[in-house]
Amino acid sequence: MKQCEAQFRPPRKDDLRTRRPEARARRKLGPPIEARPGVGGHESALVGRCACSPGSVRVPTARLLVRTQPCSKFRPPRRREGAGLPAGVTDAASLPLNPLQGSMPQTPPFSALFDGSGYNRNPPPADAGCAGLCYHDNNLLSGSLEALVQHLVPRVDYYPDRTYIFTFLLSSRLFMHPYELMAKVCHLCVEHQRLSDPNSDKNQIRKIAPKILQLLTEWTETFPYDFRDERMMRNLKDLAHRIASGEETYRKNVQQMIQGLIRKLATLSQYEEVLAKISSTSTDRLTVLKTKPQSIQRDIITVCSDPYTLAQQLTHIELERLNYIGPEEFVQAFVQKDPLDNDKSCYSERKKTRNLEAYVQWFNRVSYLVATEICTPVKKKHRARMIEYFIDVARECFNIGNFNSLMAIISGMNMSPVSRLKKTWAKVKTAKFDVLEHQMDPSSNFYNYRTALRGAAQRSLTAHSSREKIVIPFFSLLIKDIYFLNEGCANRLPNGHVNFEKFWELAKQVSEFMTWKQVECPFERDRKILQYLLTVPVFSEDALYLASYESEGPENHIEKDRWKSLRSSLLGRV
């Protein structure tokens with residue numbers, strides 16, 4: 001598991017819109033997020049200490065509510081329905097867009113999951129055995145783990161609310177493995193409905209079977225990656241077989257559900273193979289230039305002269321990568337030892353967050369690509385032209401609602417090897433860039449960005465086109481918000497109950513992401529541009545500094561010493 005450090009400098013009080021390039025160099029947002037091995041204790045695997053040069057500071061974060069009492073209630077907002085995307089992997093430039101769209105029966109969209117009317121609208125009947133659950137105004141606040149598991153299991157006269165299903169399936173992995181929960185659910189279904197008894201009432205089974213099947217369908221559709229575990233798949237097939245025995249209709253539905261699940265997992269495997277192939281073939285740009293200089297003779301403007309088209313292709317990749325992040329990855333990234341479970345160590349094997357990590361690595365790649373393209377040209381006017389080009393790309397990303405690419409571009413342009421190019425920046429019209437920096441200013445917990453994000457989310461609710469539905473959040477900040485929500489409220493209350501109010505809020509944030517990631521990208525794919533963005537070699541940090549010093553010489557003794565050291569180590573020159 002890797003640790004990702006979002007690196008930002010503390011904000012200054014002066015207005016960013018009036019800042020000159022020299023001031024921007026002093027107040028840079030810092031290099032992109034770094035991935036490095038995690039540390040022990042409660043240090044998050046994805047959110048940790050900021051490492052900015054010259055000093056280390058903390059990232060502005062969401063307000064941290066440190067308490068052991070239940071978090072305040074929330075009323076989940078209405079959601080829009082995301083569109084399915086086509087699948088099919090061929091090469092790096094045509095990654096499948098959505099592995100989660102199958103032909104099996106679809107559960108209601110997330111717009112129906114959180115519709116603003118409360119988060120548990122149908123508590124179980126009085127005889128459903130809900131002892132151990134604590135309600136207030138028909139809202140579930142807490143409960144013992146065993147009672148919460150029983151609350152998930154359908155009965156003839158009861159089916160759990162969909163908000164509860166999503167919330168519990170999301171948060172239960174903090175306390176038990178998904179396969180353990182599946183085993184408990186299967187046992188309770190068989191025990192309650194006597195599914196293993198050949199003399200059981202067939203009419204009773206016909207009443208409960210559709211509800212059990214619906215629960216399994218929701219699980220496989222929303223958390224399909226859980227079923228990469230053979231134990232999960234085995235329990236699923238066993239329970240489905242008991243339901244389907246003797247009923248042709250149920251048999252067809254079960255077959256459809258399992259086939260759809262298998263297709264999703266196969267598509268995920270294809271996606272991971274493509275990522276592995278890209279990763280294995282990626283090389284440092286300086287190494288390529290020294291061995292095969294003729295292989296890199298184009299820059300990004302040669303490949304795509306229109307900045308608006310490049311912003312659209314970046315959005316393609318962003319939505320593709322988002323689609324493969326499972327909702328459970330946000331929880332699994334921060335799993336710690338359950339204090340009431342003395343027999344188990346920290347649930348390290350639950351931390352299956354490879355798609356989330358791949359998305360963070362994509363952010364880093366964009367930042368380094370931007371810095372590489374700026375530092376590479378020999379002539380000052382060409383570097384200035386490249387900076388203005390990326391400013392226009394960033395503006396279009398903002399207009400589209402692609403805040404992650406926007407922040408990656410700003411991060412790349414604020415890396416020290418780029419920001420120190422004062423003669424280059426002097427030739428750049430920076431007014432547009434200052435406005436973008438102002439929008440993404442970390443001050444007041446990223447207030448300006450959060451305001452723009454709310455505006456984009458509101459636009460998507462009433463959108464009449466796929467373009468207007470696009471909302472791609474600044475991903476590092478989304479992870480931090482979820483991390484601090486997890487750290488700020490206790491998982492269990494003093495009486496040992498699971499603090500379910502905390503998990504309602506967690507589910508609210510994750511479900512919003514689930515809606516955003518399902519939007520279909522409306523822009524036409526350009527394979528040549530996509531291939532370049534995904535595979536062109538980029539400079540390492542040391543190579544960026546060397547290129548920067550070669551473009552505009554060192555200004556002080558420290559820079560001169562570093563330049564000499566880099567020339568010696570990277571080029572073998574004195």
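Residues numbered from 1 in each chain as written. Predicted model: local features only at pLDDT ≥ 70, side-chain atom pairs only at ≥ 80, totals over all residues. Heavy atoms only, no water.

Broken down by element type, the protein chain carries 25 helices and 5 strands. Here the protein chain holds 574 residues, and 57% of them are scored as buried. Restricting to contacts in the protein chain with at least 6 residues of sequence separation, those with at least 24 account for 79%. (Helix = DSSP H or I, 4+ residues; strand = E, 2+ residues; numbered from the N terminus. Buried < 20%, exposed > 50% of the residue type's maximum accessible area, 1.4 Å probe, protein only. Contact = heavy atoms within 4.5 Å.)

With that settled, the discussion passes to the pairing of strand β4 (residues 139–143). Where burial is concerned, most of β4 is hidden: 5 out of the 5 residues are buried. Both strand β3 (residues 133–136) and β4 contribute to a ladder of 4 bridges, which runs antiparallel. Residue pairing for β4: Leu-133 is matched across the bridge by Gly-143. The loop that links β3 with its antiparallel partner β4 comprises 2 residues; one of these, Asp-137, has a positive phi angle of about 55°. Bridge count for β4 against strand β5 (residues 498–499) is 2 bridges, and the pairing is antiparallel. Its bridge partner lying in β5, Gly-143 is registered against Val-498. (Pairing = 2+ DSSP bridges.)

Summed over all chains, the structure comprises 22 aromatic pairs. With centroids separated by 6.1 Å and ring planes inclined at 70°, the aromatic side chains of Trp-219 and Phe-227 adopt a geometry described as edge-to-face. Just as Trp-219 is buried, Phe-227 falls in that class too. Within the aromatic cluster, the residues linked to one another by ring pairs are Tyr-164, Phe-168, Phe-175, Phe-500, Phe-503 and Trp-504. The side chain of Arg-231 reaches across the aromatic face of Tyr-179, ending 3.6 Å from its centre. When the ring centre of Tyr-545 is taken as reference, the NZ or CZ atom of Arg-562 above it lies at 3.7 Å. (Phe/Tyr/Trp six-rings, centres within 6.5 Å; stacked < 30°, edge-to-face > 60°. Lys NZ or Arg CZ within 6 Å of the ring centre and 35° of its normal.)

Further remarks concern the sheet that holds β3. What the 3 strands build is an open sheet, ordered β3-β4-β5; its pairing is antiparallel. The outermost strands of the open sheet, each flanked by one partner alone, are β3 and β5.

Relative orientation of the contacting elements helix α11 (residues 307–323) and helix α13 (residues 354–375) amounts to 160°, with a least axis distance of 10 Å. As summarised for this structure, α11 and α13 are arranged roughly antiparallel, according to the angle between their axes. As for the relative orientation of α11 and α13, their crossing is left-handed in sense. Counted together, Leu-314, Ile-317, Glu-318, Arg-321 and Leu-322 of α11 and Ala-358, Tyr-359, Trp-362 and Val-366 of α13 form the full contact between these two elements. (Axes fitted to C-alpha atoms, helices over the stretch in contact; angles between N-to-C directions. Parallel < 35°, antiparallel > 145°, perpendicular 65-115°, else oblique. Left-handed = near helix turned anticlockwise from the far one by under 90°.)

Over its 19 residues, helix α19 (residues 443–461) runs 28 Å from end to end, which matches the ideal 27 Å to within 8%, given 1.5 Å per residue. Along its length, α19 shows its largest kink, about 35°, at Arg-450. Here α19 has its buried residues at Ser-443, Asn-445, Phe-446, Tyr-449, Arg-450, Ala-452, Leu-453, Ala-456, Ala-457 and Ser-460. Lining the buried residues of α19 we find α14 (380–400), α15 (403–413), α18 (431–439), α20 (466–469), α21 (475–488) and α22 (500–517). (Expected span 1.5 Å × (residues − 1). Bend = angle between axes of the 7 residues up to and from the residue.)

Turning next to the confidence of the model for the protein chain. Here the protein chain shows a mean pLDDT of 77. Residues at 70 or above account for 70%. Low pLDDT (under 50) marks residues 1–108, which in the prediction has 323 contacts with non-local residues, meaning those over four places away or in another chain. In the predicted structure, residues 342–348 sits below a pLDDT of 50 and forms 14 contacts with residues beyond four places in sequence or in another chain. (pLDDT = per-residue confidence, 0-100.)

So, on to the environment of Asn-495. For Asn-495, the position within the fold is in the loop between α21 and β5. A relative accessible area of 55% places Asn-495 in the exposed class. Taking the C-alpha atoms as reference, Asn-495 lies 9.2 Å from Ser-144; in sequence the two are 351 residues apart. Polar side-chain contacts of Asn-495 include one of 2.9 Å to the backbone nitrogen of His-497. (Polar contact = N/O pair within 3.5 Å; in protein donor to acceptor, adjacent residues only side chain to side chain.)

This next bit is on the nonpolar core. Ile-300, Leu-310, Phe-390, Ile-409, Met-413 and Phe-475 are the most contacted members of the largest nonpolar core, which has 148 residues in total. Among the elements that make up this core, the one with the highest residue count is α13 (13 residues). Counting the residues that make up this core, at least three belong to each of domain 1 (133–258) and domain 2 (296–334 + 353–539). With residues near it in sequence (within four places) discarded, Ile-300 still touches Leu-310, Leu-369, Glu-373, Met-386, Tyr-389, Phe-390, Tyr-532 and Leu-533. If you look at the next biggest cluster of nonpolar residues, it comprises 5 residues, including Tyr-545, Leu-546, Leu-566 and Leu-570. (Core = buried A, V, L, I, M, F, W, Y, C linked by side-chain atoms within 4.5 Å. Domains from an automatic or database assignment.)

A few words on unusual backbone geometry. Even without being glycine, Asn-445 reaches a positive phi, approximately 60°. Looking at the element boundaries, Asn-445 is found in helix α19. Of note in the backbone geometry, Phe-446 takes a positive phi value of approximately 55° without being a glycine.

For the rest of this paragraph, the subject is the pattern of salt bridges. The full count for this structure, using the stated rule, is 16 salt bridges. Notably, a salt bridge pairs Arg-228 with Glu-272, separated by 2.8 Å at the nearest N-O pair. Linking Arg-228 in the loop between α6 (202–222) and α7 (230–244) with Glu-272 in helix α8 (residues 248–281), this pair joins segments that are 44 residues apart in sequence. A residue is classified by how much of its surface remains accessible, and Glu-272, at 16% relative accessible area, is buried. Here the residues in one salt-bridge network are Arg-228, Glu-272 and Arg-354, joined through shared partners. (Salt bridge = Lys/Arg side-chain N within 4 Å of Asp/Glu carboxyl O.)

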